Amino acid sequence: MKDTLKAILDTIRLPAELTQFEDRYLARVNKIATWFFVLHLPVFVLVAYLNDTGPGMAVLLTAAALIGPVVALKTFENPRNVSLMHGFTSMLMGGLLVHFGQGPVQIEMHFYFFALLAMLAIFANPMVILLAAGTVAVHHLALWYFLPESVFNYDAPLWVVLVHAAFVVLESVATCYIARSFFDNVIGLERIVQARTKEVDEKNKQMRLVMDNVEQGLLTVGSDGVVAQERSAVVDRWLGECRSGETFVDSLARVDERTADAFEAAFDQLGMGILPVECSIDQFPSEMAFDDRHFGLEYKPILRGEELVQLLVVLTDRTAIVRQEQLETEQRETMSLIERSREDQVGFLEFFDEAKVLVGAISEDLCEDLPLLKRTIHTLKGNSMLYEVHSIAKVCERMEDAMSETQRRPDATLLDELARRWDRLKQSLRVVLDAEERDAVQIRPEQYRELIEKALATPTHRELANMLMSLRLEGTRERLERVGEQAQRIGNRLGKRDIRVEIQDGGLRLEPARWATFWQAFVHVVRNAIDHGLELEEERGARGKAGGGTLTLSTSTEAGVFSIRIHDDGRGIDWDRVRTKAAAAGLPHETSADLEAALFHDGLTTRSEATLYSGRGVGLSAIRAACEERGGEVRVASRLGEGTAFEFRFPASEMAPSPTEYLAA
Amino acid sequence: MSSMILVVDDSATIRHQVRACLQAAGHTVLEAENGAIGLQKAKDYPIDMAIVDVNMPVMNGLEMLANLRGVDGKKSLPVFVLTTESSKELVAQGKKHGATAWIVKPFKADVLAKGVAHVLARAA
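Everything numeric here is computed off the predicted structure, so don't read it as measured data.

Asks: Explain the interface of chain A and chain B residue by residue, including any values.
Replies: Contact with chain A, which involves 25 residues of that partner, is made by 31 residues of chain B. For the pairing of chain A and chain B, the buried interface totals around 2,500 Å² over both sides, and the portion due to carbon and sulfur atoms is 49%. The interface formed by chain A and chain B holds 4 salt bridges in total. One salt bridge connects Lys108(B) with Asp282(A), and the closest N-O pair in it is separated by 2.7 Å. Among the secondary structure elements, those contributing two or more residues to the side of chain A that touches chain B are α12 (257-272), α13 (277-281), α17 (390-406) and α25 (575-584) of chain A. Of all the elements, α12(A) adds the most residues to the side of chain A that touches chain B, at 8 residues.

Here it is in C-alpha cells:
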C-alpha cells in the first residue's frame, strides 16, 4: 500500500530540476495557453448575448479570470507554476461557459470541462490536471449549493453532481498518466539522453583505458577500408598516427608498402565476395616487418548476413619471438661455420670472401642488369646452402621468388635484410677471421716483389723464383677436393648418398685471385651434375647402373691448353628437350652447336621446376660468362642415359703469371 | 558433385598438393606444367575450372588466362590464380585477364577446397 502510494506520488510529482528543453517548451506552451484564454473573452460575450445572460457581466468575469494567467506569465519564474495557473484558469473558463450558456444547451456546455481537462495534458505535468480537477470539484459543488442555475438548467440532485465528479476523476487519472508519459518520454528526453551519454562516456573511458594499455593493436576497418577512431593506442605508435578518414591501406603503406598492397588486394577480394569469407581471409598478409620489428596480423570479419560490415584486425608485436628464433638460427649457423673453418680453412675463407663480394653487389645494387643480378643472387644462395647458412639462402630464395613474379629488382626491405644478416654473420665470425690472420706469416707486397727480383737476378736462383711464385698459387687438387666435398654434401641433401668422387689434378697450380670468379661459378655446374645429372639410386638400379654415381673432376694441360673437366655418369642431357625449350624461347636450335649455346642461355632450364639447388636456368650462363672472362671456351659432351661431361678449356698461360709477368704487372 | 579441374603449375610439388586436395573432394584433376600445355588441355578437355600459377616457363599464367578467354566456351570458366605475392599490379593484371580469384601461396588445402567448391557451386 505504501509502495503504491509512493508510486502514485512519484507519478504526480515531477523531478525538481528543469531541463533547458522543458523550460523552452513550457514558455512556448504557456504563452499559447494565455492567448487561448484571452480569446475566450469575445466568445463568452457572444454566448452571454445569445443566451441573454449579461454580456457586460461576461466581460467583467472573464477579464477577472484572465488576470491570473497574464500576471503569472509575466511574473512567475518557474514555468511549471504558470502551467498550474493555466490549469486553475481553464476550469474557471469552463464554469463561465456553463454560466453564460444558461438555457436549453447548458448541460451540453459541461463537455467543455472534459475537453479542457484533456487539453491540459499538453503541459506534461500531472499536478496541473489535479489542480484543475480540484478546482472544478469545488466550483461545481459550491455553485450547485449556492447558485444552482449557474450549473444546471433543472433541479439536479446531489448524485448528478457526484456522477459529473466521477467522470472528472476518471478522465483526470487517464490524463495524469498521459501527461507523465509525455513528460518522461518527450519532455524528459534530454535528461534520458544525458544519462545515457554519461553511461556511454563511462564505458568509453573504461574501454579507452583498456585500448590505451593493451599490448595488441586492435582496430576495425569499415567496408570502405577506413580505420575506425576507436583503436588501441599501440596501433598509432606502430603505424604512425592515423588521420581521421584514413584507410588501413594508407596506414600500412607508411611502414610497409608490400604488406599494404597485399592487404588491399585481399580486402578487395573479400569485398567482392567471390570466395567464401574464410577463404578470402586466408589471403590477407599474416606478417610484416619494418624498422627491425616483426608483427603478426590476424583478421576477423564482422558480418551482417553475408555482407561485410567491419574487419577486426589484430596486430601483435612478434619482434621478441622472431629475434629469439633468429638468434638461435644464427648461433647454429655460426657454430657450423666455425666448425667448417677448422676442417677446411681455405675453403671457408674463400666462401667468406666470395659471399662478401656477392652480398655487396646485391645489397648495394651494383649489378647492371636483371640477369646479372639473378645470377649473383643464385650463386650466393647456392654457396650459402653449401655452407649451411640457411638464413642467407632463404633471403636469396625470397628475392628470386619476388623477381620471377614481378620481373623487377627485389625491394629495398629484402636488400636491407640481406645486408644486415651479413653484417651480423661477419661480426659473429670475427673470432675465426682474426685467428686466421694471426696464424699467417705476413709479408708486404713490396717485400715479396723484392724477393722475386733478387732470385731472378741470379740465373741459378730461377728455380727459387718459381718456388717463391708458387707460394701465391693454389694447387688444383685442394680446389677439386673441396668441390668434391661440396658435391657430396649436395648429394646427401638430395638423398643421393653414395656419390663417388674421383680427382685427377695433374699436379697443377693456379693463381687464386685470377681464378676466383671461375670457381664461384663452377659450383653451378657441380650442382647441376648432382641435382639433374645423377639419378637416385633406385633409378640407377633400374637402368643397370651401379652405386650412387661417380663424379670425376680433373685438371690437365696439353698442347698449351689448360682444361678443367667435370664428368658425371648420370642421366645425360635430353637434347630433344633442349631443342623444344630452345625453340619455345625463340633461340636457334638446328645444329648441336645451337643446342649447346642454348644450354648456356640465360633463363633456359630443362627442368619444369626449381629446387633450392638448381633449376632456375641461371647457373650455366654464369659459368659461361666466367669462362669467357679468362679467354676460355666450354665443351659439352653428353649422351642420354650415359652421362655428361663439361670441359672448360683455357690458354695454359692463363693459369698463373710467370715471375717476370708478375714483376711487370 | 565431381568436376574436372585443370591445375597448371611448373612445380610438381604444388601440382601434387593441389591434386591431393581436389581429389579428396571428389574432383578429377588434370595437370599441366606450363601455360602452353595448360591452354591446350583446356581446349581438349571439358574442364569446369582451372587453377593457374603465375610464373611459369614457356607461357606464364596470365598469358594463358588471356588466351583462354579467347577460346570458345571458356570465357566465363572459373580460374583461380596462384601467387606468391598478391601485389597490386599483379591483381590488376589478373582481373584484367578475367581471373575469378587469387590464392596466395603457400595455401591451406582446406581453404583451397572450400574456395573451389564455392565457386563451382556458383558457376553451376
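Asks: Tell me about the pattern of salt bridges, residues and numbers included.
Replies: Going through the model one piece at a time under the given rule, you end up with 45 salt bridges over all chains. Taking the shortest distance from any N to any O, the salt bridge between Lys114(B) and Glu278(A) comes out at 3.3 Å. Of this pair, Lys114(B) sits in helix α5 (residues 109-123) while Glu278(A) sits in helix α13, placing the two residues on different chains.

Asks: I'd love a proper account of the state of the cysteines, names of residues and values included.
Replies: Summed over all chains, the structure comprises 0 disulfides over all chains. Cys279(A) carries a free sulfur, and the closest cysteine sulfur to it, the one in Cys21(B), is 10 Å from it.

Asks: Give me the sheet that holds strand β6 (residues 500-504) of chain A: which residues, what numbers.
Replies: Residue and element names in this part refer to chain A. Reading across the sheet, the 5 strands line up as β6-β8-β9-β11-β10 and stay open at both edges, with mixed pairing between neighbours. Every interior strand has two partners, whereas the edge strands, β6 and β10 (633-639), have only one. With strand direction ignored, the average angle separating the axes of adjacent strands in the sheet is 10°. Across 8 bridges, strand β8 (residues 550-558) lies against strand β9 (residues 561-568) in antiparallel orientation. Of the residues in β9, the one forming a bridge with Thr 557 is Phe 562. Contacts from helix α23 (residues 512-533) reach β8, β9 and β11 (643-651), with the element oriented near 25° to β9.

Asks: Tell me about the sheet that holds strand β3 (residues 293-304) of chain A, and please be specific about residues and values.
Replies: Residue and element names in this part refer to chain A. Pairing is antiparallel in the open sheet, where 4 strands are placed in the order β1-β4-β3-β2. Strand pairing shows two members of the sheet lacking a second neighbour, β1 (217-222) and β2 (287-290), which therefore form its edges. Across the sheet, the axes of successive neighbouring strands diverge by a mean angle of 30°, strand direction being ignored. Relative to strand β4 (residues 307-317), β1 runs antiparallel, the two sharing 6 bridges. The residue bridging Leu 219 from the neighbouring strand is Val 313, located in β4.

Asks: Residue-level account of helix α14 (residues 319-343) of chain A, with values.
Replies: Compared with the 36 Å implied by 1.5 Å per residue over 25 residues, the 35 Å span of α14(A) between its first and last C-alpha is a close match. Listing the buried residues of α14(A) in full gives Thr319(A), Val322(A), Glu330(A), Glu333(A), Thr334(A), Ser336(A), Leu337(A), Ile338(A), Arg340(A) and Ser341(A).

Asks: Give a detailed account of the nonpolar core, specifying residues and quantitative values.
Replies: Here is a general trend for soluble globular proteins: nonpolar side chains tend to be buried in one another's company. Residues and elements named next belong to chain A. By size, the foremost hydrophobic cluster in this structure holds 72 residues, and its most contacted members are Phe 518, Phe 522, Ile 566, Phe 646 and Phe 648. It is α23 that contributes the most residues to this core, 10 residues altogether. When we break this core down by domain, the ones giving at least three residues each are domain 3 (321-433) and domain 4 (475-654).

Asks: Can you lay out unusual backbone geometry for me, pointing to particular residues and giving the numbers?
Replies: For Asp52(A), which is not glycine, the phi torsion reads 60° and is therefore positive. Along the chain, Asp52(A) falls in the loop between α3 (40-51) and α4 (55-75).

Asks: Could you give an account of the domain arrangement of chain A, naming the residues involved and the relevant values?
Replies: All names here are of chain A. Structurally, chain A comprises domain 1 (2-192), domain 2 (214-317), domain 3 (321-433) and domain 4 (475-654). Relative to domain 4, the C-alpha centre of domain 3 lies at a distance of 24 Å. Facing 23 residues of domain 3, the contacting portion of domain 4 comprises 20 residues. Regarding the contact of domain 3 and domain 4, the summed buried area is about 2,000 Å², with carbon and sulfur atoms giving 51% of it. Interface area lost by domain 3 to domain 4 is led by Arg 375, His 378 and Leu 386, which between them contribute 33%. The interface formed by domain 3 and domain 4 contains 0 salt bridges. At the boundary of domain 3 with domain 4, the tally comes to 1 residue pair in polar contact (both at pLDDT 80 or more). Sorting the residues of the side of domain 3 that touches domain 4 by element identifies α15 (345-363), α16 (370-386) and α17 as the ones contributing at least two each. Ranked by the residues each element gives to the side of domain 3 that touches domain 4, the list is headed by α16, at 10 residues. For the side of domain 3 that touches domain 4, the residue count by class is 5 nonpolar, 7 polar and 11 charged.

Asks: Before we move on, could you go through the environment of Asn492(A) and cite the residues and values that matter?
Replies: Relative to the helices and strands, Asn492(A) resides in helix α22 (residues 476-493). A residue is classified by how much of its surface remains accessible, and Asn492(A), at 34% relative accessible area, is partly exposed.

Asks: So what's going on with the side chain of His40(A)? Residues and values would help.
Replies: Residue and element names in this part refer to chain A. Examined against the element boundaries, His 40 turns out to sit in helix α3. The class for His 40 is buried, based on a relative accessible area of 7%. Residues within four places of His 40 in sequence aside, it is in contact with Thr 62, Met 93 and Tyr 112.

Asks: Quick rundown of the packing of aromatic side chains? Include the residues and the values.
Replies: Residues and elements named next belong to chain A. Scanning the entire structure with this criterion turns up 27 aromatic pairs over all chains. On the numbers, 4.9 Å between centres and 55° between planes, the contact of Trp 238 with Phe 295 is tilted. One end of the pair, Trp 238, is in helix α10 (residues 233-239); the other, Phe 295, is in strand β3, and 57 residues separate them in sequence. With respect to burial, Trp 238 and Phe 295 carry one shared label: buried. Pairing Phe 518 with Phe 650 gives two aromatic rings, centres 5.4 Å apart and planes at 90°, and the pair type is edge-to-face. Of this pair, Phe 518 sits in helix α23 while Phe 650 sits in strand β11, placing them 132 residues apart in sequence. Taken as a pair, Phe 518 and Phe 650 share a single burial class, namely buried. One aromatic cluster is present, formed by Trp 515, Phe 518, Trp 519, Phe 522, Phe 562, Phe 600, Phe 646, Phe 648 and Phe 650 through successive ring pairs. Here the guanidinium or amino end of Arg 340 rests over the ring plane of Tyr 387, the centre of that ring lying 4.5 Å away. Over the ring of Tyr 662 we find Arg 449, and its NZ or CZ is 5.9 Å from the ring centre.

Asks: Outline the pairing of β8(A), listing residues and values.
Replies: All names here are of chain A. Pairing analysis gives 5 bridges linking β6 to β8, with the strands arranged parallel. The partner of Arg 500 across the bridge, within β8, is Thr 550. Counted along the chain from β8 to the antiparallel partner β9, the turn is 2 residues long, and its residue Ala 559 has a positive phi close to 50°.

Asks: Lay out the confidence of the model for chain A in plain terms, naming residues and giving numbers.
Replies: Across chain A, the average pLDDT comes to 86, with 96% of residues at or above 70. Note on residues 608-616 of chain A: pLDDT under 50 across the span, and 39 contacts to partners over four residues away in sequence or across chains.

Asks: Explain a nonpolar patch on the surface to me, and be specific about the residues and the numbers.
Replies: A cluster of nonpolar residues, Trp159(A), Val163(A), Phe167(A) and Leu170(A), forms a patch on the protein surface that exposes about 450 Å² of accessible area. Examined against the element boundaries, Val163(A) turns out to sit in helix α8 (residues 158-187).

Cut-offs used in this document
- Residues numbered from 1 in each chain as written.
- Chains lettered and ligands numbered in written order.
- Predicted model: local features only at pLDDT ≥ 70, side-chain atom pairs only at ≥ 80, totals over all residues.
- Heavy atoms only, no water.
- Contact = heavy atoms within 4.5 Å.
- Buried area = accessible area lost by both parts, 1.4 Å probe.
- Salt bridge = Lys/Arg side-chain N within 4 Å of Asp/Glu carboxyl O.
- Helix = DSSP H or I, 4+ residues; strand = E, 2+ residues; numbered from the N terminus.
- Disulfide = S-S within 2.5 Å.
- Pairing = 2+ DSSP bridges.
- Axes fitted to C-alpha atoms, helices over the stretch in contact; angles between N-to-C directions.
- Expected span 1.5 Å × (residues − 1).
- Buried < 20%, exposed > 50% of the residue type's maximum accessible area, 1.4 Å probe, protein only.
- Core = buried A, V, L, I, M, F, W, Y, C linked by side-chain atoms within 4.5 Å.
- Domains from an automatic or database assignment.
- Polar contact = N/O pair within 3.5 Å; in protein donor to acceptor, adjacent residues only side chain to side chain.
- Nonpolar A, V, L, I, M, F, W, Y, C, P; charged D, E, K, R; others polar.
- Phe/Tyr/Trp six-rings, centres within 6.5 Å; stacked < 30°, edge-to-face > 60°.
- Lys NZ or Arg CZ within 6 Å of the ring centre and 35° of its normal.
- pLDDT = per-residue confidence, 0-100.
- Patch = residues over 30% accessible without salt bridge, like charges linked within 9 Å, V, L, I, M, F, W, Y side chains within 5 Å.
- Areas by Shrake-Rupley, 256 points an atom, 1.4 Å probe, with all protein chains shown as cover.

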